[in-house]
Structures are given as structure tokens and as C-alpha cells.
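Analysis of the macromolecular model
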Amino acid sequence: MAEPLTDESIAGARAAFRTLEQVERAARRRMPAPVWDFLAGGSGAEDTLRDNTAAFDRWRFRPRALSGMRSVGMSSELFGKSMAAPLLVAPFAPDGLFHQDGFKAVAAACEAAGLAAVAPSSCSFPMEEVRSAGESARFFQLPPTEPDVMRWLIERAEKAGYEALFVTVDQPVIGWRERVRAGDFTFDQSLTGANFAVPGGPGRAPVLGSGSRWLDWTWETLSSLLSRSSLPFVVKGVLTAEDARAAVRFGAAGVVVSNHGGRQLHSVPATLRQLPEVVEAIGGSVPVLLDSGLRRGSDVVKALALGADAVLIGRAAAHGLAAGGASGLLRTLELFMEEMTTVLALLGRNPPQLTPEVLQPS
Ligand SMILES: Cc1cc2nc3c(=O)[nH]c(=O)nc-3n(C[C@H](O)[C@H](O)[C@H](O)COP(=O)(O)O)c2cc1C
């Protein structure tokens, strides 16, 4: 049984965590060092991991005083449904590594916050259970893998009520993760296989990078498989104008500018830096989402100003989950949204008025 969100647990998390830094510290205290390294680490010399967060610090706000703004309104719409803010929880797995309730707690927290989550295919719980823990689990993530397995997952996602597929294209193999290689982290396959262990499935998750199946996908083969689904698909892991244009040409309903939080190909640029190039290439035809490196509410505002329609948080959400399950994550989401409200009020702009002109280089 997942721990329910109660008034008491929510009040406890609010009292314990006044800042996101406190949430992160509590999460770190609760995790064995190798698990922390797996979560916090990146690939290569972690240059991209550092650049992701530094990219936000390179911008400063240009506030306008006495803007006459009556109230701050952050609610936004994504794929036809409204959300309390343009903020989603990114797919991260194995979620059960950080808290026993994993993505069931994520779904419950997002539901309570009025936000949305992307459930990972390598989840510690079957997608049907995640979805019934909260309809906020609107989206299902999956990688290009064995076509039979993909078709089977997609059919289940349709039946379970997911509204779109997020296809992760930046992970044909696992990145060169030196912090993990140097430490004692061992991957517990049982925490990633729940979606595959249900009747009719392959029994266990396809092992990432095994065989040619992961590498021989093209835009053509991927879009031909996905076009048979009734669900729209979003391409997660785009960093260039070329890939953004290809995604749209091959039928994507949206793109996520993502470098997997600096965990996949190393020495790629920060996502915030790539955002304007992708936004220009997409030209407003589909929503542009962004993740990687967001650690606070002002980061969200900066991403929106540079053209993102919404953002996703990975590690920051995992910190909340690890620090206190559903209530820890709910508190994290509240802190993001409360800081965003403060920043927007001080800036004198609501999200629709956020343009690059509200920023200048630091
Ligand atoms: C521990 C961990 C596990 C992840 N697992 C997945 C996954 O299974 N599928 C996926 O598409 N992305 C995965 N990601 C990437 C996230 O979806 C997201 O792109 C990234 O965390 C964003 O960067 P941030 O952590 O700086 O917010 C994972 C990230 C982390 C930190």
C-alpha cells in the first residue's frame, strides 16, 4: 500500500522543508552514497551536468516596476488540458530506489499540486498502477526498443488512459557515467522491470544497449510504428534545430529539449542554451518543452522567457520523493510554484508576457 497524502503528512513536510535546498539535503541524508551518486551524477567529466545549471545563472532579470499587473496567474495548458503551472515531473527510474512508493507517490503528489507527470517505462510499478494512483500521470515515456515490446506497451498505455507518449531518443546506450563506474552502485533490475513482468510481456525489461535494436532506429521507422497509435507522441531528447525539424516532419506533437540531465552524451551543450535554436526551428507549430538543470522557480521563469511552453524537473523531483514520499514531492512542487509566483510578481509579468526581453546576460 502506498502511503496516502494526508493533511498531517502535508503539514509535516511544509514544516520540515522551507527551501528546496533543505529538501535536497534531507534526500541526500536518506540515500546510501552509491544511490546518491547514481542520482546526482552525470556522464563524462560532468561538464554538461555543470553547464545545465550554470546556463540558468548566466541570465539576469530585467524587471519593470509598477506594471499594473493585477494578479499572478500561472495556470497553463498542455495538449488540451490545464495545469496549475507549466511544470511537469520528468520520467526517472528506477523510482523505487528513492522511495518505496516510487511513481505512485509522484502521481499522487502531482494530482494534489494540479500538475502532470511522465511515467517512465522502466518504472518500479506497472503503468496501470501509476495511472490509478493519480490521473496527473498523463504521459507515458518509452524508448525505441524491440518493436513488439513497444507496440505492447503502447496498447497498454492507450487502455490505461495515458494522453501522449514521450519517446526518449537520446539513450540508444547508457552514457559514460564515471561517478557510477567509480562507485559501488549496482543496478537492481527488479526495480526497473514492473512494466515488463506483467502477463503477455517479455518478463523483464529489455537490457538497454543490447543488440542492434536500440541503434538501428531511424525517424522513418520510429514514426511509422508510432503513427499506428491513437496517442500523439512527443520526442524527448532534442538539442538541435535539425532534430527539432525532423521530429515535427515525422509527426511529433511536441519536443523536449533535453540532454537527459547531463547523463547521456557528454560534452553536449546546456539545454537552456539550445532552446532558442529549437524554438526558432519549430516556429510555434508544436509545444517546446525543456528539462535538464532546473533547480528553482526562477529557472522555470527563465526557460519560459526563452521560449519554452513548459518545463520538466527530474532530480529536483527525485529529491522531494526521497525526502518524504508523496508529501515531500508535493512540498517540492509547492516551493517551485511559490518561488515562481514571487518572481513573476517582482518581474511584473505573467507567463504570456515572458519574452527574451525580460532577461539580460549576467
Ligand atoms: C535517476 C534518473 C533516472 C532517469 N531515468 C529516465 C528514464 O527512465 N527515461 C527518461 O526518458 N529519462 C530519464 N531520466 C532523465 C529525466 O527524464 C530528465 O531528462 C532529467 O532528469 C532532467 O534533468 P534534471 O535532473 O537536471 O532535472 C532520468 C534522470 C535521472 C536523474
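Residues numbered from 1 in each chain as written. Predicted model: local features only at pLDDT ≥ 70, side-chain atom pairs only at ≥ 80, totals over all residues.

Attention now moves to the environment of Glu-111. Tracing the backbone shows Glu-111 in helix H5 (residues 102–113). With 19 C-beta atoms counted inside 10 Å, the residue Glu-111 sits in the partly exposed group. Along the backbone, Glu-111 and Leu-330 are 219 residues apart, and their C-alpha atoms lie at a distance of 9.1 Å. (Helix = DSSP H or I, 4+ residues; strand = E, 2+ residues; numbered from the N terminus. Buried ≥ 20, exposed ≤ 12 C-beta atoms within 10 Å, placed from the backbone.)

With 12 residues, helix H11 (residues 271–282) ought to run about 16 Å at 1.5 Å a step, and its terminal C-alpha atoms sit 15 Å apart, in line with that. Buried within H11 are the following residues: Thr-271, Leu-272, Gln-274, Leu-275, Val-278, Val-279, Ala-281 and Ile-282. Along the axis of H11, the buried residues cluster in a sector spanning 155°; they form a single face. Close packing links the buried residues of H11 with helix H4 (47–57), strand S8 (233–238), helix H10 (241–249), strand S9 (254–257), strand S10 (288–290) and helix H12 (297–305). Trailing H11 by a residue or two, Gly-283 shows a phi angle of about 60°, which is positive. (Expected span 1.5 Å × (residues − 1). Arc of directions from axis to C-beta. Contact = placed C-beta atoms within 7 Å.)

It is worth spelling out the site of the ligand at this point. Lining the immediate surroundings of the ligand are 24 residues, of which Ala-90, Thr-168, Gly-261, Gly-314 and Arg-315 lie closest. The biggest single contributor to the shell around the ligand is helix H13 (residues 315–347), with three residues. In terms of residue class, the shell around the ligand is made up of 10 nonpolar, 10 polar and four charged. (Near = placed C-beta within 6 Å. Nonpolar A, V, L, I, M, F, W, Y, C, P; charged D, E, K, R; others polar.)

A separate point is the sheet that holds S10. The sheet built from eight strands closes into a barrel, its strands ordered S4-S5-S6-S7-S8-S9-S10-S11 with parallel pairing. For this sheet, the mean angle separating the axes of adjacent strands, direction not counted, is 30°. Taken together, the four bridges between strand S7 (residues 164–168) and S8 define a ladder with parallel strand orientation. Along S8, the bridge assignment pairs Leu-165 with Phe-233. (Pairing = 2+ DSSP bridges. Axes fitted to C-alpha atoms, helices over the stretch in contact; angles between N-to-C directions.)

What follows deals with the packing of H12 against H13. Between H12 and H13, the least distance of the axes is 7 Å, while the angle of their chain directions is 60°. By the angle between their directions, the pair H12 and H13 is classed as oblique. In the packing of H12 onto H13, the handedness of the crossing is right-handed. For the pair formed by H12 and H13, the contact residues are Gly-297, Ser-298, Val-300 and Val-301 on the first element and Phe-336, Met-337, Glu-339, Met-340, Val-343 and Leu-344 on the second. (Parallel < 35°, antiparallel > 145°, perpendicular 65-115°, else oblique. Left-handed = near helix turned anticlockwise from the far one by under 90°.)

Right, let's get into the pairing of S9. Burial of the side chains of S9 extends over both faces: Gly-254 and Val-256 are buried on one face and Val-255 and Val-257 on the other. Pairing analysis gives four bridges linking S8 to S9, with the strands arranged parallel. Across the sheet, the residue bridging to Val-238 is Val-257, located in S9. Taking the sense of rotation as the criterion, the β-α-β connection linking S8, H10 and S9 turns out right-handed. For S9 and S10, the ladder comprises three bridges, and the chain directions are parallel. Its bridge partner lying in S10, Val-257 is registered against Leu-290. Regarding topology, H11 serves as the crossover connection from S9 to the parallel S10, and that connection is right-handed. (Right-handed = clockwise from strand over helix to strand, strands pointing away.)

A few words on the environment of Val-180. Checked against the element boundaries, Val-180 lands in helix H8 (residues 178–182). Classification of Val-180 as buried rests on a count of 21 C-beta atoms within 10 Å. Through-space distance from the C-alpha of Val-180 to that of Asp-37 is 6.3 Å; in sequence the pair is 143 residues apart. The contact partners of Val-180, leaving out residues within four places of it in the chain, are Asp-37, Phe-38, Gly-41 and Phe-185.

As a further point, take the environment of Ser-82. Considering the arrangement of structural elements, one finds Ser-82 in strand S3 (residues 81–83). The sequence separation of Ser-82 and Gly-114 amounts to 32 residues, and the corresponding C-alpha distance is 8.6 Å. Each residue touching Ser-82, except ones within four places of it in the same chain, is listed here: Ser-75, Ser-76 and Glu-77.

With that out of the way, let us pick up the packing of helix H1 (residues 7–16) against H13. One way to put it is that H1 packs onto H13 with a least axis distance of 9 Å and a crossing angle of 55°. One element, H1, and the other, H13, form an angle in the oblique class. Handedness of the H1/H13 crossing: right-handed. Contacts from Ser-9, Ile-10, Gly-12, Ala-13 and Arg-14 of H1 reach H13 at Gly-324, Ser-327, Gly-328, Leu-330 and Arg-331.

So, on to the pairing of strand S5 (residues 116–119). Along S5, one buried face is formed by Ala-116 and Val-118 and the opposite face, lined by Ala-117 and Ala-119, is buried too. Once the chain exits strand S4 (residues 87–89) it traverses H5 before rejoining the sheet at S5, and the crossover so formed is right-handed. Judged from the three bridges that link them, S5 and strand S6 (residues 137–142) form a sheet pairing that is parallel. Across the sheet, the residue bridging to Ala-119 is Phe-140, located in S6. Note on the crossover from S5 through helix H6 (residues 127–133) to S6: the handedness is right-handed.

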